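One-letter residues, chain by chain:
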Amino acid sequence: MEKLVITAAICGAEVLKEHNEYVPYTIEEIREEAYKAYKAGASIIHLHVRNDDGTPTQDKNRFELAINAIKEVAPNVIIQPSTGGAVGMTNDERLQPTELYPEMCTLDCGSVNFGGNEVFINTEDDIKYFASKIYSKNIVPELECFGKMHIDQVNRLYKKGVIKEPLHFSFVLGVNGGQTGDERDFIFLKESLPKGATYSVAGVGRYEFSLAELAIKHGGHVRVGLEDNIYLEKGVLAKGNEDLVKKVVSIAKQYNREIATPDEARRIIGLKE
Ligand code: KMH
Ligand code: ZN
């Protein structure tokens, strides 16, 4: 089995310090959380940024500050800015971090209810627009799928040449409005992937570690982080992203999966080394 690529989703756009005090807002906090997650075993940092008051932003300059700060302490880690941003942002607002030419970024592959009155909108035309912007800059997208139908959408757009190799998926499961993250969901999604694709799982809330374990067993890769889940175990808040990454590393040990370095992750996913 390939080594395990761990992505740390350190910040997100929705979770607040009121939920877990370790959610980073400032550039210094983002640098610290990214560094600790990297030291614990993460080879990819999935990056959102916030204003100092915690409000989410896709501002290019804020991303540039955060990326430069992370590179000071972890020069080789893969930085994967979000083009999802927060619900309600415009496409061009969301796409700002691609103007910094990161080696990876996310590409959200379908719409999904996001709890309450919120819908995270990614129409087919939106996906095509994002894909054209992303590929024109030679950025490799992580294909975020909140359920099986998003994988079907990727498969259709791949056949049409809109989405291109390397195909690296992320199953984001357990969103309030999306597909659940039970074993049968995981198997269904994994078996729907095109040949040769790699995938990572991101279990939201209580699904974080059960999905991680499934992916570790089946040769997939794992995303964890405060964006997706704030608890180390039931009722125990994580003391930062580092705790969550360490827990995945310990599960991987049980299954004899070694942890990939950033350069190994580049080879596994198909990024330029
Ligand atoms: N914050 C969510 C609405 C991504 O990073 O690409 C979208 C999101 C997906 O987090
Ligand atoms: Zn995200």
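In this report, the structure presented in the accompanying data block is examined. (Residues numbered from 1 in each chain as written. Chains lettered and ligands numbered in written order. Predicted model: local features only at pLDDT ≥ 70, side-chain atom pairs only at ≥ 80, totals over all residues. Heavy atoms only, no water.)

1. A short note on unusual backbone geometry
Filter applied, for reference: A run of DSSP states H or I qualifies as a helix once it reaches four residues; a run of E qualifies as a strand once it reaches two. Both are numbered from the N-terminal end. Here the term buried applies to any residue with accessible area under 20% of the maximum for its type, exposed to any over 50%, and partly exposed to those in between, with areas from a 1.4 Å probe on protein chains only.
E165 connects to P166 through a cis peptide bond whose omega is 0°. Phi is positive for Y101, close to 55°, though the residue is something other than glycine. Locating Y101 in the fold gives a position in the loop between α3 (91-94) and β6 (104-108). The exposure class assigned to Y101 is exposed, which follows from its relative accessible area of 54%. Positive phi, normally seen in glycine, also occurs at N138, with a value near 60°. With respect to the secondary-structure elements, N138 resides in the loop between α4 (124-136) and β9 (140-145).

2. Remarks on the pairing of strand β1 (residues 6-9)
Basically, it comes down to this: A pair of strands is considered paired only if DSSP assigns at least 2 bridges between the two.
Covered by surrounding structure in β1 are I6 and A8 together with T7 and A9, the residues of both alternating faces. Bridge count for β1 against strand β12 (residues 221-224) is three bridges, and the pairing is parallel. From the neighbouring strand, T7 faces β12, where its bridge partner is R223. Of the strand pairs in this sheet, β1 and strand β2 (residues 44-47) are connected by three bridges, and their pairing is parallel. By the bridge assignment for β2, T7 is matched with I44.

3. Topic: helix α1 (residues 27-40)
The following threshold applies: Residue count minus one, scaled by 1.5 Å, sets the expected span of a helix. By definition, the arc is the one covered by directions from the helix axis to the C-beta atoms.
Here α1 contains 14 residues, and its C-alpha end-to-end distance of 20 Å stays within 8% of the 20 Å for a straight helix at 1.5 Å per residue. Here α1 has its buried residues at I27, I30, E33, A34, A37 and A40. The buried residues of α1 occupy an angular sector of 160° when the element is viewed end-on, so they sit on one face. Two residues or fewer past α1, G41 is found with a positive phi of approximately 140°.

4. Description of the side chain of S192
Worth spelling out the cut-off: Only heavy atoms enter the contact rule, under which two residues are in contact if any of them lie within 4.5 Å.
If you trace the backbone, S192 turns up in the loop between α6 (183-190) and β11 (198-203). In this structure S192 touches K148, I151 and N155, once residues within four positions along its chain are discounted.

What is shown is where atoms sit, not what they do.
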